[in-house]
Amino acid sequence: MAKSVHANVLDAALQYLETNVDWIAVCETEPTTYEHAHSNKGVGTGKVLAHSITPTFTGPVGGDGGGTSRKTAVDEEPTITVDVSGDADHIALVFVGSTLLLYVTTCTLQPLVALNTVTIPSWDIEIGSPT
Amino acid sequence: MMDPEVKKQRMLEKSLRMPVNNVVLEVQKGTIDINDLFKHIELKVKEKING
């Protein structure tokens, strides 16, 4: 049985991220709740080492997976001040306005030192077409 | 597409930051596979058909 989805459906999901993400956080260990991705490490259950309130996106455009796959680029987030020292290994996208943790990805573990800066390079979020 | 006015404002803020012993992370691309979702729908439909 063949499966298909119109690109507009996938674009709607990516557009939700583009419209609502207002906080990007560098975390130590996996954030699974809003508080994890919004509170600094050492405060409650927070896991945030650094954050920015200026996330921007470029897209959506056709994905690398072919078919109707679609992707959007999370633009580079340059030289964010590190609030708390720790080992960065996750990046979280958050909708603070609705206290929602929307998206989490991984990054190669890197130690960060408070008051230094960290750059999150541009990265893609892709939704594949069904096969 | 992101609201151009919001993007312009945020890009300006980003450009004003100064690096201090800057570390550049290596981020893994996030891919969402919707095949599982379609399989789930198929299963639900079959369940409904079979009562």
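This text gives an overview of the structure that appears in the document. Every chain begins its residue count from 1, and numbering advances along the sequence as written. A letter from A marks each chain and a number from 1 marks each ligand, given out in the order of writing. Note on the predicted model: pLDDT of at least 70 is required for a residue's local features to be given, and 80 or more for side-chain atom pairs to be given and counted; whole-chain, interface and lining totals, by contrast, use all residues. Side-chain metrics rest on all non-hydrogen atoms present in the structure, leaving aside hydrogens and water.

**Topic: the sheet that holds strand β4 (residues 70–74) of chain A**
Worth spelling out the cut-off: We treat two strands as partners when DSSP finds at least two bridges between them. Counting from the N terminus, the helices are DSSP H or I runs at least four residues long and the strands are E runs at least two residues long. Structural elements are reduced to axes, namely lines fitted to C-alpha atoms, with helices fitted over the stretch in contact, and the angle between N-to-C directions of any two is expressed from 0 to 180 degrees.
A sheet is described by the order of its strands in space; here four strands give the open sequence β3(A)-β4(A)-β9(A)-β2(B), paired in mixed fashion. Each of the sheet's edge strands pairs with one partner strand only, and the pair in question is β3 (57–62) of chain A together with β2 (30–32) of chain B. On average, each strand axis in the sheet is inclined to that of its neighbour by 15°, with strand direction left out of account. As paired strands, strand β9 (residues 123–127) of chain A and β2(B) are joined by three bridges and run parallel to one another. For A:Glu126, the partnering residue across the bridge sits in β2(B) and is B:Thr31.

**Digging into the nonpolar core**
Defined as follows: The definition of a nonpolar core used throughout is a set of buried Ala, Val, Leu, Ile, Met, Phe, Trp, Tyr and Cys residues joined through side-chain atoms within 4.5 Å. When a residue's accessible area, from a 1.4 Å probe over protein chains only, is under 20% of the maximum for its type it is buried; when over 50% it is exposed; and in between it is partly exposed. Any two residues having at least one pair of non-hydrogen atoms within 4.5 Å are treated as being in contact.
Ranked by internal contacts, the top residues of the largest apolar core, which has 29 residues, are A:Val26, A:Ile91, A:Leu93, A:Ile120, A:Trp123 and B:Leu25. Looking at this core, the elements with two or more residues in it are α1 (7–20), β1 (23–27), β2 (48–52), β6 (86–95), β7 (100–112), β8 (117–120) and β9 of chain A. Those residues in contact with B:Leu25, other than ones at most four positions away along the chain, are A:Val26, A:Ala88, A:Ile91, A:Cys107, A:Gln110, A:Val118, A:Thr119, A:Ile120 and A:Pro121. A:Trp23, A:Cys27, A:Tyr34 and A:Val48 belong to the second-largest nonpolar core, a separate cluster that totals eight residues.

**Remarks on the interface of chain A and chain B**
Think of interface size as the accessible area that goes away when the parts come together; that is how it is often given. Inclusion rule: Two parts lose some accessible area (1.4 Å probe) when they are put together, and adding that loss for both gives the buried area. Salt bridge, as used here: a side-chain nitrogen of Lys or Arg that lies within 4 Å of a carboxyl oxygen of Asp or Glu. Under the rule applied, a polar contact is a pair of N or O atoms within 3.5 Å (in protein, one hydrogen donor and one hydrogen acceptor; residues adjacent in sequence only if both atoms are side-chain atoms).
Between chain A and chain B, the contact holds 52 residues from the first and 27 residues from the second. In total, chain A and chain B occlude about 3,300 Å² of area from one another, counting both sides; carbon and sulfur atoms represent 52% of this. If you sort the residues of chain A by the area they bury against chain B, A:Thr54, A:Thr79 and A:Thr117 come out on top, with a joint share of 15%. Between the two partners, chain A and chain B, sit five salt bridges. Remark: the boundary between chain A and chain B carries 36 residue pairs in polar contact (both at pLDDT 80 or more). The leading source of residues in the side of chain A that touches chain B is β7(A), at eight residues.

**Observations concerning the pattern of salt bridges**
Where charged atoms from two side chains of opposite charge come close, those side chains can pair. This structure, assessed with the given rule, holds 10 salt bridges over all chains. Between B:Lys29 and A:Asp64 there is a salt bridge whose closest N-O contact spans 2.8 Å. Placement of the pair is B:Lys29 in the loop between β1 (23–24) and β2 and A:Asp64 in the loop between β3 and β4, with the two residues belonging to separate chains. B:Lys14 serves as the salt-bridge partner of A:Glu77, at 3.2 Å between the closest nitrogen and oxygen. Here A:Glu77, found in strand β5 (residues 77–81), pairs with B:Lys14, found in helix α1 (residues 4–15), and the two come from separate chains. A single burial state applies to A:Glu77 and to B:Lys14, both of which are buried.

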